[in-house]
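Inside the fold
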Amino acid sequence: MSQRLKNKIITKEARIAVIGLGYVGLPLATAFAQKGFNVLGIDTDAQRVSRIKDLKSYITDVPSVLLKRVITSKKFDVSTDFSLLKQVDVVIICVPTPLKRKYTPDISFILSAVRSITKYLHKDMLVILESTTYPGTTEELIKPELEKSRLKTGKDIYIAFSPERIDPGNKNFAVTEIPKVVGGVTKTCVELTGLLYSKIIKQVHQVSSCRSAEMTKLIENSFRIVNIGWINEIAQMCHALNIDVWEVIDAAKTKPFGFMPFYPGLGVGGHCIPEDPLYLYWKAKHYDFSCKFIKLAADTNAHMPSYAVSRIKTLLGKSFKNAKVLVLGVTYKKDVKDLRKSPAIKLIELLKKQVKVDYYDPLIPFVKLEGLDLKAIDLTAVNIKKYQVVVVAVDHTDVNYDLIFKNARLIFDTRNIYKNKTDSKIEKL
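Residues numbered from 1 in each chain as written. Predicted model: local features only at pLDDT ≥ 70, side-chain atom pairs only at ≥ 80, totals over all residues. Heavy atoms only, no water.

1. Structural notes on unusual backbone geometry
The backbone of Lys 74 shows a phi angle near 70°, a positive value even though the residue is not glycine. One can find Lys 74 in the loop between α4 (64-72) and β3 (76-79). The exposure class of Lys 74 is exposed, given its relative accessible area of 69%. If you check the backbone angles, Asp 288 has positive phi at about 60° while not being a glycine. Looking at where Asp 288 falls in the secondary structure, it is placed in the loop between α10 (272-285) and α11 (292-316). Asp 288 sits in the exposed class, given a relative accessible area of 77%. (Helix = DSSP H or I, 4+ residues; strand = E, 2+ residues; numbered from the N terminus. Buried < 20%, exposed > 50% of the residue type's maximum accessible area, 1.4 Å probe, protein only.)

2. Let's talk about the sheet that holds strand β5 (residues 125-129)
With respect to topology, eight strands assemble into an open sheet ordered β3-β2-β1-β4-β5-β6-β7-β8, the strand pairing being mixed. Edge strands, defined here as strands with exactly one partner in the open sheet, are β3 and β8 (204-206). Each adjacent strand pair in this sheet contributes to an overall mean axis angle of 25°, direction not counted. The pairing of strand β6 (residues 157-161) with strand β7 (residues 180-184) spans two bridges and is antiparallel. In the sheet register, Ala 160 faces β7, and the bridge partner there is Gly 184. Most of the contacts of helix α5 (residues 108-119) go to strand β4 (residues 90-93), to which it runs at about 165°, and overall it touches β1 (15-19), β4 and β5. (Pairing = 2+ DSSP bridges. Axes fitted to C-alpha atoms, helices over the stretch in contact; angles between N-to-C directions. Contact = heavy atoms within 4.5 Å.)

3. Describing the pairing of strand β12 (residues 372-375)
Two faces make up the sheet, and in a regular strand the side chains alternate between them. The alternating pattern of β12 places Leu 372 and Leu 374 on a buried face and Asp 373 and Lys 375 on a face that is not buried. In this sheet, β12 lies alongside strand β11 (residues 366-369) in antiparallel orientation, the contact comprising four bridges. Within the sheet, the bridge partner assigned to Val 367 lies in β12 and is Leu 374.

4. Details of the sheet that holds strand β10 (residues 356-360)
Spatially, the five strands line up as an open sheet ordered β10-β9-β13-β14-β15, and their pairing is parallel. On the outer flanks of this sheet lie β10 and β15 (426-428), each paired with one strand and no other. Sheet twist, expressed as the average angle between the axes of neighbouring strands with direction ignored, equals 20°. As defined by bridge partners, strand β14 (residues 411-413) adjoins β15 across three bridges and the pair is classed as parallel. Across the sheet, the residue bridging to Asp 413 is Lys 428, located in β15. Sheet strands in contact with α11 are β13 (389-392), β14 and β15, and its direction is about 150° off that of β14.

5. Comments concerning the side chain of Asp 156
Along the chain, the position of Asp 156 falls in the loop between α6 (137-146) and β6. Of note is the side chain of Asp 156, whose polar atom sits 3.1 Å from the side chain of Lys 123. Asp 156 has contacts with His 122, Lys 123, Asp 124, Met 125, Arg 150 and Leu 151, leaving out every residue within four places of it along the chain. (Polar contact = N/O pair within 3.5 Å; in protein donor to acceptor, adjacent residues only side chain to side chain.)

6. Some thoughts on the pattern of salt bridges
One pass over the structure, following the stated rule, counts 23 salt bridges. Of the charged contacts, one joins Arg 415 and Asp 395 as a salt bridge, the two residues approaching to 3.7 Å between their closest N and O atoms. On the criterion of sequence distance, the pair formed by Arg 415 in the loop between β14 and β15 and Asp 395 in the loop between β13 and α14 (401-407) is long-range, its members being 20 residues apart. Take Asp 395: its relative accessible area is 15%, and that puts it in the buried class. Beyond isolated ion pairs, a larger network of salt bridges with shared partners links Lys 8, Arg 15 and Asp 89. (Salt bridge = Lys/Arg side-chain N within 4 Å of Asp/Glu carboxyl O.)

7. Comments concerning empty space enclosed by the protein
What the rule picks out here adds up to one cavity of 30 Å³ or more. Taken as a whole, the largest cavity holds about 70 Å³ of empty space. (1 Å grid on protein atoms, 1.4 Å probe; cavity = no way out; pocket = protein on both sides within 12 Å on 5 of 7 lines; lining within 4 Å. Points joined across faces, edges and corners; volume = space filled by probe spheres on them.)

8. Quick word on the layout of surface pockets
When its volume is computed, the second largest pocket comes out at roughly 580 Å³. In terms of lining residues, the second largest pocket is bounded by 24 residues, among which Val 268, Pro 274, Ala 302, Lys 341 and Lys 346 are the most central. Elements with a contribution of two residues or more to the lining of the second largest pocket: α10, α11 and α12 (343-352). Considering each element in turn, the lining of the second largest pocket owes the most residues, five residues, to α11.

Right, here's the structure in full:
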């Protein structure tokens, strides 16, 4: 092990760079800065960098007051200049990994970051990838790219993978409260990485390889997508059988073992659940293995907005053709200001092809993406009465649901907000 780098980590003299200041990178960077490390945040988005320098956070989990504290303390700085990597000891990559068509992972952001690092790589540098990707990425792509510098992994430089486990908006589990899995190319790589994360995270779990760490992230998210897809199918089945799926779930979860509740909805959103399992689906195909559960679950979840439209059509009957629909909530998740892959947006897109649609969301004053250009309505009694149906798409906390109940003609509740009300104008998913 590099005793020099080890000592710098122990004494918090190691300088850390975090590449990618999004929902993963910014919370991680500020967490290290709060613990006394000197942290450099690097992002290619000049607007992001400018906002941070102006002490204005764009991430829910990093309040502006926290940004101000770590920046004024001189523990955190940001830049678009990759040449500053010459001055750091640790580089953590937190860039996006979207999907291309046909479920193919797009690792161009990872490769771009690694190539930038290679230009300024030096002896005793630790490089950690946190971006979710398919098993084999770290050793098959990152290691050869970094070793073009002629520095050898495990001897001159150290390479590891540690999957991000950020849950945006989760007040119970901040980044420092979630156990960290780490895997390295060599034993020394994983030991240095574990030592580093132990400075900000209570529990660090080491695995035998980068591939195991990469697979850990994918199995976590595949567990979610499969179970959500399954309960969405159960919801459709229960409706066909005239059974309240929400009542059934509440009954089933009284069992103290062997059951974990998942809840139906319009599908899945954000980056992790809709996309990450499909990296595994794609990789497995290269080994002639078909991930049937992942593909089926992804297709089931993707179908939920269309299913919701069909339910709304049935509810309104002939009046659907000239209906006005109000959608409550457009974010992908409750109480989180994030529109990434939001199934509520997909619902609006589908409805707009057939009827007039408006929306209300306490977190999103306007929507301009994917061909949509909408402004949130004011949630008043007069406005609510204008719509033939109100669709509860997202169960935000800061919404006056009583006002909606009193004034709506019909409510299609996809989130079981009105579980304690029995009224003919409420239709549950």
